Amino acid sequence: PGAGSVGGSVDGTQPGGGTIGSGGPGTGQPASDECQKMDIVFVVDDSGSMAEEQSNLATNFPQFATVLSTFTTATGDPLDYRVAVTTTGRDIDYSIDLGGQQFPMSEDGDDGAFKNNCNVSKRWLEPADTNMSQTLACRANVGTGGPSYEMPLLMSKWALGPRVADGTNAGFIREDALLAIVMITDEDDASTEQNNFTMDASGNAPVDWHPADQVQFLDNL
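Residues numbered from 1 in each chain as written. Predicted model: local features only at pLDDT ≥ 70, side-chain atom pairs only at ≥ 80, totals over all residues. Heavy atoms only, no water.

J.: I keep staring at the confidence of the model for the chain and nothing clicks. Help me out?
T.: Here the chain averages 83 in pLDDT, and 85% of its residues register 70 or above. Segment residues 1-27 is flagged for pLDDT under 50; beyond a separation of four residues in sequence, or across chains, it makes 40 contacts in the model. (pLDDT = per-residue confidence, 0-100. Contact = heavy atoms within 4.5 Å.)

J.: Where do I start with the sheet that holds strand β2 (residues 80-87) in this structure?
T.: Through backbone hydrogen bonds, the strands of a sheet pair up, either in parallel or in antiparallel fashion. In spatial order, the strands read β2-β1-β5; together these 3 strands make up an open sheet with parallel pairing. Whereas interior strands pair on both sides, the edge strands pair on one side only; in this sheet they are β2 and β5 (178-184). Here the average twist between neighbouring strands, direction ignored, is 15°. Here helix α2 (residues 132-140) sits on the sheet and contacts β1 (37-44) and β2; the angle it forms with β2, its principal contact strand, is near 25°. (Pairing = 2+ DSSP bridges. Helix = DSSP H or I, 4+ residues; strand = E, 2+ residues; numbered from the N terminus. Axes fitted to C-alpha atoms, helices over the stretch in contact; angles between N-to-C directions.)

J.: I keep staring at the state of the cysteines and nothing clicks. Help me out?
T.: Formally, a disulfide is one covalent bond, and it connects the sulfur atom of one cysteine to the sulfur atom of another. Tallying each qualifying case throughout the model produces 1 disulfide. Shown here is the disulfide that connects C118 with C138, its sulfur atoms set 2.0 Å apart. The S-S bond linking C118 to C138 shows a torsion near -85°; that makes this disulfide left-handed. One end of the pair, C118, is in the loop between β4 (101-107) and α2; the other, C138, is in helix α2, with 20 residues separating them in the sequence. Its relative accessible area of 17% is what places C118 among the buried residues. (Disulfide = S-S within 2.5 Å. Buried < 20%, exposed > 50% of the residue type's maximum accessible area, 1.4 Å probe, protein only.)

J.: For this particular structure, what's the right way to read α2?
T.: Side chains that are three or four residues apart share a direction in an α-helix, a result of its 3.6 residues per turn. Of all 9 residues in α2, 7 are buried; the element is thus mostly enclosed. Along α2, the positions that sit buried rather than exposed are M132, S133, T135, L136, A137, R139 and A140. Here the buried face of α2 lies against β1, α1 (51-70) and β2.

J.: Looking at this model, I keep getting lost on a negative patch on the surface. Mind explaining?
T.: Negative charge collects at one region of the surface, where E52, E53, D186, E187 and D188 lie side by side. Along the polypeptide, E52 turns up in helix α1. (Patch = residues over 30% accessible without salt bridge, like charges linked within 9 Å, V, L, I, M, F, W, Y side chains within 5 Å. Areas by Shrake-Rupley, 256 points an atom, 1.4 Å probe, with all protein chains shown as cover. Salt bridge = Lys/Arg side-chain N within 4 Å of Asp/Glu carboxyl O. Lys, Arg positive; Asp, Glu negative; His and termini not counted. Charge placed at Lys NZ, Arg CZ, Asp CG, Glu CD.)

J.: Can you help me understand the side chain of T88 in this one?
T.: Examined against the element boundaries, T88 turns out to sit in the loop between β2 and β3 (92-98). A residue is classified by how much of its surface remains accessible, and T88, at 0% relative accessible area, is buried. Apart from the residues lying within four places of it in its own chain, the contact partners of T88 are V43, V44, D45, D46, Y149, E150, M151, P152 and M155.

J.: Quick question: what am I supposed to make of the pairing of β1 here?
T.: Remark: a regular strand shows side chains that alternate across the two faces of the sheet. When you tally the buried positions in β1, you get 7 out of 8 residues, the bulk of the element. Sheet analysis places β1 next to β2, joined by 8 bridges and oriented parallel. Across the sheet, the residue bridging to I40 is V83, located in β2. Crossover handedness for the path β1 to α1 to β2: right-handed. Both β1 and β5 contribute to a ladder of 7 bridges, which runs parallel. Note that in β5 the partner of I40 across the bridge is A180. (Right-handed = clockwise from strand over helix to strand, strands pointing away.)

Structure follows, in structure tokens:
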């Protein structure tokens, strides 16, 4: 949140006049395109390379929570938001082939499930939640014990697709809210729906999830 709304032009004006976030002269009403509600999903890398970044996230997420809590719309009302956290990892089995000798690997991930830890059983946080900023910071500190394959694209799909359908994240998405997905990782996306594959000594693994897939999924959503 910053400029106030979504849908205006780059110079801060709307078609027909008026600035972003205004509701017309003296109306006291928000513009038709102003963002009143936001559903925010953080997909955070929990692989072993994220130790330094995790410490940074834990320090700065309370500040982000403060920005959310103090942001107001053009009418002076607070932003109606929800914020959830999941990770880049999924349950996966694979083998590493080192010149003919194979080493089986098995890693466990969140599979797109929103975190419900840090002494709060609900899978997303809202403005009225007690100690929201501290809980959000706690959840964002997802650790570094997750799978070594970072799949933020696929996990954002699973979070808002299969994990909604099976009830895990059900109820999070609101039809009248702007959906925002924030992916935090220090590696290229390695999304794949394959399992039990073989990775060569160079670290190459199958990649079958592409930007066009993500665009189509989000458009349909």
